[in-house]
Amino acid sequence: MSMTEPTRQLIRPCTLVYAVLVMLTVATWAIGRLGLSGLGVAMLVLAFALFKGHLIGDWFMGLRGVRGIWRWVIAIWLMFCGGLISFAFILSYRS
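Keep in mind the model is a prediction, meaning the values are calculated, not measured.

Rules used in this analysis
Residues numbered from 1 in each chain as written. Predicted model: local features only at pLDDT ≥ 70, side-chain atom pairs only at ≥ 80, totals over all residues. Heavy atoms only, no water. Helix = DSSP H or I, 4+ residues; strand = E, 2+ residues; numbered from the N terminus. Rg over C-alpha atoms; globule rule 2.2 N^0.38 Å. Buried < 20%, exposed > 50% of the residue type's maximum accessible area, 1.4 Å probe, protein only. Contact = heavy atoms within 4.5 Å. Areas by Shrake-Rupley, 256 points an atom, 1.4 Å probe, with all protein chains shown as cover. Axes fitted to C-alpha atoms, helices over the stretch in contact; angles between N-to-C directions. Parallel < 35°, antiparallel > 145°, perpendicular 65-115°, else oblique. Nonpolar A, V, L, I, M, F, W, Y, C, P; charged D, E, K, R; others polar. Salt bridge = Lys/Arg side-chain N within 4 Å of Asp/Glu carboxyl O. Patch = residues over 30% accessible without salt bridge, like charges linked within 9 Å, V, L, I, M, F, W, Y side chains within 5 Å. pLDDT = per-residue confidence, 0-100.

A. Inspection of the overall build of the protein chain at higher detail. For the protein chain, the helix and strand inventory stands at three helices and zero strands. The linear arrangement of helices and strands in the protein chain, starting from the amino end, is α-α-α. What you see for the protein chain is a C-alpha radius of gyration of 18 Å, clearly larger than the 12 Å of a compact globule of 95 residues, by over 25%. Oriented by its inertia axes, the alpha-carbon framework of the protein chain measures out at about 65 × 35 × 15 Å. Here the protein chain, with 95 residues, has 17% of them falling under the buried criterion. Long-range contacts, defined as pairs at least 24 residues apart, comprise 62% of the intrachain contacts of the protein chain with a sequence gap of at least 6. Looking at the protein chain as shown, the accessible area adds up to about 7,600 Å², and 71% of this sits on carbon and sulfur atoms.

Structure (structure tokens):
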């Protein structure tokens, strides 16, 4: 193989990201199917959802290579929504 030939990867990075998204979705489904509950479980499922949103923004919306405010719009939105949802869950479990 010469230096001008592109190297071939067995699995593309976006395929690995897709596999992670599927695994997190299956884990979330399994948690619901098993009937697990509690604040810790709710926060774990929320963390899965926020991480999945981050992966989708970076890899499938093409924001991974963008600089400046546009890259942070999705991250700030996820942190804002995730913070409000976390706050609501924490308040509901304290009552």
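B. Region of interest: the packing of helix α2 (residues 39-60) against helix α3 (residues 69-94). Between α2 and α3, the shortest axis-to-axis distance is 10 Å and the interhelical angle comes to 170°. In terms of orientation, α2 lies roughly antiparallel with respect to α3. Residue-level contacts link L39, A42, M43, L46, L50, G53, H54, G57 and D58 of α2 to R71, I74, L78, G82, I85, S86, F89, I90 and Y93 of α3. Of the residues assigned to the contact of α2 with α3, the class counts are eleven nonpolar, five polar and two charged.

C. Quick look at the pattern of salt bridges. Under the counting rule described, the total for this entry stands at one salt bridge. The residue D58 makes a salt bridge to R71 at a minimum N-O spacing of 3.5 Å. Highlighted residues: D58 in helix α2 and R71 in helix α3, separated in sequence by 13 residues. Judged by relative accessible area, which is 26%, R71 ranks as partly exposed.

D. Structural context of a nonpolar patch on the surface. Judged by side-chain polarity, Y18, V22, V26, W29, I56, F60 and M61 come together as a nonpolar surface patch covering roughly 730 Å² of accessible area. Looking at the nonpolar patch, the elements that each hand over two or more residues are α1 (13-34) and α2. Looking at which element gives the most residues to the nonpolar patch, the answer is α1, with four residues. Positionally, I56 belongs in helix α2.

E. Structural detail: the confidence of the model for the protein chain. When pLDDT is averaged across the protein chain, the result is 91; 92% of the residues are at 70 or more. Here α3 stands out as the element of the protein chain with the lowest mean pLDDT, 92, in contrast to α1, whose mean of 97 is the highest.

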